[in-house]
Amino acid sequence: MSDQATLRLKAGRDRSLRRHHPWIMSGSVDRVGGNPQPGDTVLVVDDASRPLALASYSPHSSIRARVWTFDVDQSIDDQFIASRVSAAASRRRHLGIPNGDAVRLVFGEADGLPGLVVDRYGSIVVFQITTVGIDARRDAVVVALASLDGVECVYERSDGDNRSREGLESQTGIRHGSLPTDVWARENGLRFHVDVEHGHKTGFYIDQRDSRRLVEQHSRGRAVLNVFGYTGSFSVAAARGGASSITTIDSSGPALRIAEANGRANDVNIGELVEADAFTELRSLRDRRASFDVIVLDPPKLANNPNQVDRATRAYKDLNLLALKLLRPGGLLFTYSCSGAVSSDLFQKVVAGAAVDANREASIIERLGQPGDHPIPLHFPEADYLTGLMLETA
Ligand code: SAH
């Protein structure tokens, strides 16, 4: 590792960095000196050689370097990683997550740790690495996580598609302690089974905590349809809220089997589980003239990058149109996009277009988004990925 390595920016390409945006795109780089290897720390300088930041070098990615710190006198070592991890953990203590223990402990750039995501489920922490900079410091990450209060197991789930962009292979497995057979996410007095080894992301969608509570509050005596239900977290919340009936649609059989177990674990009846493609099933419900009082529409990320936004908006429109048609008058639609490339504005426009085509009027009752353990730095708006609307139909 060479601390002497430098990355020099082209003239005028220091503007975003001076506003503390942490990414250096390949097109902004004038030259790289000192032969840094992937993950090495480089000193970023402007075209007049003035130092700007220390960043991790990523020669295979279009995000050529990611800033560790704007204090160029710092050392990027194990101690640096440990202090960032512990700062991330302690800022969450003030959030007061009600009656639960499932929390996003580290949210990448938002916690000054580009490429690292950590979710905590009680004494179990699950981490995911997506950049060479953090990958090269995996051992320090594990030590830092293992030393947090109450942590008994550290599990790695670095198997996302995005690793290949940085030239990284999949890495999964126990890194500290042992993994219990049953891992639970506890939230609002409910518990959800987390498939740490094979589930999506780190096994559970912690980011929908606030919305689950909202759905629970609006379910009493109502017929609820949960589309893209995964392990049934919204369905369990609706059941505890007193829904009169619940239907959960997901294309994944294993996810639905966990949903069933989650119903039992919480002593509620989560109703009907439908293993099907959501687009097809919504059409078939429409053709059968089914109707619901509350619909949750929480599809997977449909746009992975700006090039996929057009296609994604067509899919969002299609889904929302079908959902609006299935809603009874006065019904509620909780609709989401977790595609960072689709802005809240655009999403609202798409849903508005769907309402026009469905010939339904609807109003926004509440705007929804990611909770405080997924913070959005003002200088890094890319962290804003989850957008949602709670709509009421006329
Ligand atoms: N609402 C869930 C998370 C949804 S994740 C929660 O809060 O836990 C997206 C889900 O969509 C996954 O479970 C995935 O299996 C499912 N899925 C993806 N494509 C689908 C499709 N075409 N039809 C139905 N389900 C689909």
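About the cut-offs
- Residues numbered from 1 in each chain as written.
- Predicted model: local features only at pLDDT ≥ 70, side-chain atom pairs only at ≥ 80, totals over all residues.
- Heavy atoms only, no water.
- Pairing = 2+ DSSP bridges.
- Helix = DSSP H or I, 4+ residues; strand = E, 2+ residues; numbered from the N terminus.
- Axes fitted to C-alpha atoms, helices over the stretch in contact; angles between N-to-C directions.
- Buried < 20%, exposed > 50% of the residue type's maximum accessible area, 1.4 Å probe, protein only.
- Polar contact = N/O pair within 3.5 Å; in protein donor to acceptor, adjacent residues only side chain to side chain.
- Domains from an automatic or database assignment.
- Contact = heavy atoms within 4.5 Å.
- Buried area = accessible area lost by both parts, 1.4 Å probe.
- Salt bridge = Lys/Arg side-chain N within 4 Å of Asp/Glu carboxyl O.

Q: Any chance you could break down the sheet that holds strand S1 (residues 6-9) for me, citing the residues and the numbers?
A: Read across the sheet, six strands follow the order S2-S6-S5-S4-S1-S3 without closing on themselves; strand pairing throughout is mixed. Each edge of the sheet is formed by a strand with only one pairing partner; in this case those strands are strand S2 (23-25) and strand S3 (29-33). Each strand axis lies, on average, 35° off the axis of its neighbour in the sheet, ignoring direction. Alignment of S1 against strand S4 (residues 41-45), held across three bridges, turns out to be parallel. The residue bridging Arg8 from the neighbouring strand is Val45, located in S4.

Q: Help me get a handle on the side chain of Asn226, residues and values and all.
A: Mapped onto the secondary structure, Asn226 falls in strand S14 (residues 223-227). We classify Asn226 as buried; its relative accessible area is 1%. At a separation of 2.8 Å, a polar atom in the side chain of Asn226 contacts the side chain of Ser235.

Q: Could you give an account of the domain arrangement of the protein, with specific residues and numbers?
A: Along its sequence, the protein is organised into domain 1 (6-69), domain 2 (78-184) and domain 3 (205-393). A C-alpha centroid distance of 27 Å is found between domain 2 and domain 3. Listed by partner, the interface residues are 15 residues for domain 2 and 14 residues for domain 3. Summed over both sides, the interface of domain 2 with domain 3 buries roughly 1,100 Å², with 72% coming from carbon and sulfur. Among the residues domain 2 hides against domain 3, the three largest losses belong to Arg104, Phe107 and Glu109. Together they make up 39% of the total. Seen at the junction of domain 2 and domain 3, the total is zero salt bridges. Inspection of the domain 2/domain 3 interface yields three residue pairs in polar contact (both at pLDDT 80 or more). Where the side of domain 2 that touches domain 3 is concerned, the elements lending two or more residues are helix H2 (78-93), strand S7 (102-107) and strand S8 (116-121).

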